[in-house]
Amino acid sequence: MVNLPPDPPNSPDAGRLGGPPPRERRILEPDELLAVVLAFLGIGSILWWGLTRSQGLLADQGLMRRTEVPSSPTQIEPEGIGEGFESRTFERGDGQGPVSNQRPRRDPALGAAGLPGFGPDDRRSAAVPRESAPGIAVPAAPTAVPTEATEATEATQPIDISDVPTNHWAYPFIKPMFDEGYLPDFPESGFQPDQTLTRAELAALLSQAFGNAPREGSVRTFSDVPGTYWAAPAIDNAVSQGFMNGYPEGDFRPDQAVPRYEVLVSLATGLGLADSPDPDQALQAFVDSNPLPSWARPKVAAAAENALVVNYPNRDQLKPAQAATRAEIVAMIHQALVSRGELPAVESVYTVP
């Protein structure tokens, strides 16, 4: 008899011999497999957190300083701002050179259109400091202190009437005045015929048209006309010849607009025209002469009787209180030069009579 080893439990003979049935392998369901994976992930995350915390990676002081929020804007001090601060310049994208990051300032002596401002009556709002971003220091703009040099306007430029079209109503008056040298130079080169006339420009036109013949003892100085002002010599000349005068307060107000009736009074006075014996009769040709001041009526009537009045667009409308334009005053001065035999007469539907 030969001793043989027992059969393995899973052998087919084990069942036949009355032993226990073999155990079958069980496959995990999908939800059970997912639970195992999540459990491993959770354990791994806890281990990783514990290891990194022990090493102090999240407690790095440099990182904490970078994420710290300042308690007030003054805690931030940008580099490069302080004493000796200079505005940066940036290169143009088109290669045209550097561009300053500061907005160009306007000359306070100039108005919106490049002409002088309106003197002491000009109301300009005080400059308001520009609000800066937190922590960014913005240099304050320096306050300009008026001096005699800054109060004077820019130098004059040769007059150019190319901006007066040939179909302009005043072109027949302006062209001969320009050709004969009766037009003065202004701070800007263009003539700008429809621009309002100022007292300084009126003085310049009168001085250029009627020459420099001051009367002794009549020259005055004005508090608002420094010696460096572009029209100072013309103002002295116009005042000395009796065409113009200053105000009782001692100023001339060179940048103030001139009403049309004051232009006619200036011409009549400076040219020495005799007052009209019957002003009301002479002024009947105008439908709007009633607003004229009583003191100005004889002078305006004398100007009308001597054919100095030029009314555009309606010949019967004097518009005495309306500010005169450069074209209108040049047309009236042209008529005065015609009456003196210095220029030929011009046929125009706007001359009176």
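Counting restarts for each chain: residues are numbered from 1 in the order of the written sequence. Local features in a predicted model are, by the rule used here, given only for residues with pLDDT of at least 70; side-chain atom pairs are given and counted only at 80 or more, and totals for whole chains, interfaces and linings are based on all residues. Side-chain measures here rest on the full set of heavy atoms in the structure, leaving out hydrogens and waters.

**Q** Explain the layout of surface pockets to me, please; I cannot follow it from the model alone.
**A** The gaps of empty space that remain are located by a probe, the size of a water molecule, rolled over the atoms. Only protein atoms enter the calculation, which uses a 1 Å grid: trapped sets of points that fit a 1.4 Å probe without letting it out are cavities, open sets showing protein on both sides within 12 Å along at least five of seven lines are pockets, and any residue with an atom within 4 Å of a point is a lining residue. Grid points are joined across faces, edges and corners, and a volume is the space filled by probe spheres set on the points. Within this model, the second largest pocket holds a volume of roughly 290 Å³. Taken together, 14 residues form the lining of the second largest pocket, with Arg199, Met244, Asn245, Glu262 and Ser266 sitting closest to its centre. Contributing elements (two or more residues each) for the lining of the second largest pocket: helix H6 (199–210) and helix H8 (260–270). No other element matches the 4 residues that H8 contributes to the lining of the second largest pocket. All residues other than Ala, Val, Leu, Ile, Met, Phe, Trp, Tyr, Cys, Pro, Asp, Glu, Lys and Arg, Gly among them, are scored as polar; the first ten of these are nonpolar and the last four charged. Residue classes in the lining of the second largest pocket are distributed as 7 nonpolar, 5 polar and 2 charged. Strands are runs of DSSP state E lasting at least 2 residues, helices are runs of H or I lasting at least 4, and numbering of each runs from the N terminus.

**Q** Please explain the confidence of the model for the protein as it appears in this structure.
**A** Interpretation of this model should avoid reading the predicted coordinates in detail wherever pLDDT is low. Every residue gets a pLDDT, meaning the predictor's confidence in that residue, from 0 to 100. Summing up the model confidence of the protein, the mean pLDDT is 73 and the portion of residues at 70 or higher is 61%. When the criterion is pLDDT under 50, residues 57–153 qualifies, and its contacts beyond four places in sequence or with other chains add up to 64 contacts. Any two residues whose heavy atoms approach within 4.5 Å at even a single point are treated as in contact.

**Q** Is there a simple way to explain the environment of glutamate 249 in this structure?
**A** Here glutamate 249 shows up in the loop between helix H7 (232–240) and H8. With a relative accessible area of 58%, glutamate 249 lands in the exposed category. A distance of 3.4 Å separates a polar atom in the side chain of glutamate 249 from a polar atom in the side chain of arginine 253. Type-normalised accessible area, obtained with a 1.4 Å probe on protein chains alone, sets the label of each residue: buried when under 20%, exposed when over 50%, and partly exposed for intermediate values. Polar contact is the term for a pair of N or O atoms within 3.5 Å; when the atoms are in protein, one must be able to donate a hydrogen and the other to accept it, and sequence-neighboring residues count only if both atoms are side-chain atoms.

**Q** Is there a simple way to think about the nonpolar core in this case?
**A** A general tendency of soluble globular proteins is for nonpolar side chains to be buried together. One finds Ile174, Leu183, Phe210, Ile235 and Ile333 to be the most contacted residues of the largest nonpolar core, which totals 68 residues. Listed by contribution, the elements that provide at least two residues to this core are helix H5 (171–179), H6, H7, H8, helix H10 (297–305), strand S3 (309–310) and helix H11 (326–339). Beyond its immediate stretch of four places on either side in the chain, isoleucine 333 contacts Met177, Leu205, Leu206, Ala209, Phe210 and Leu267. By convention a nonpolar core is built from buried Ala, Val, Leu, Ile, Met, Phe, Trp, Tyr and Cys residues, the set being connected through side-chain atoms within 4.5 Å.

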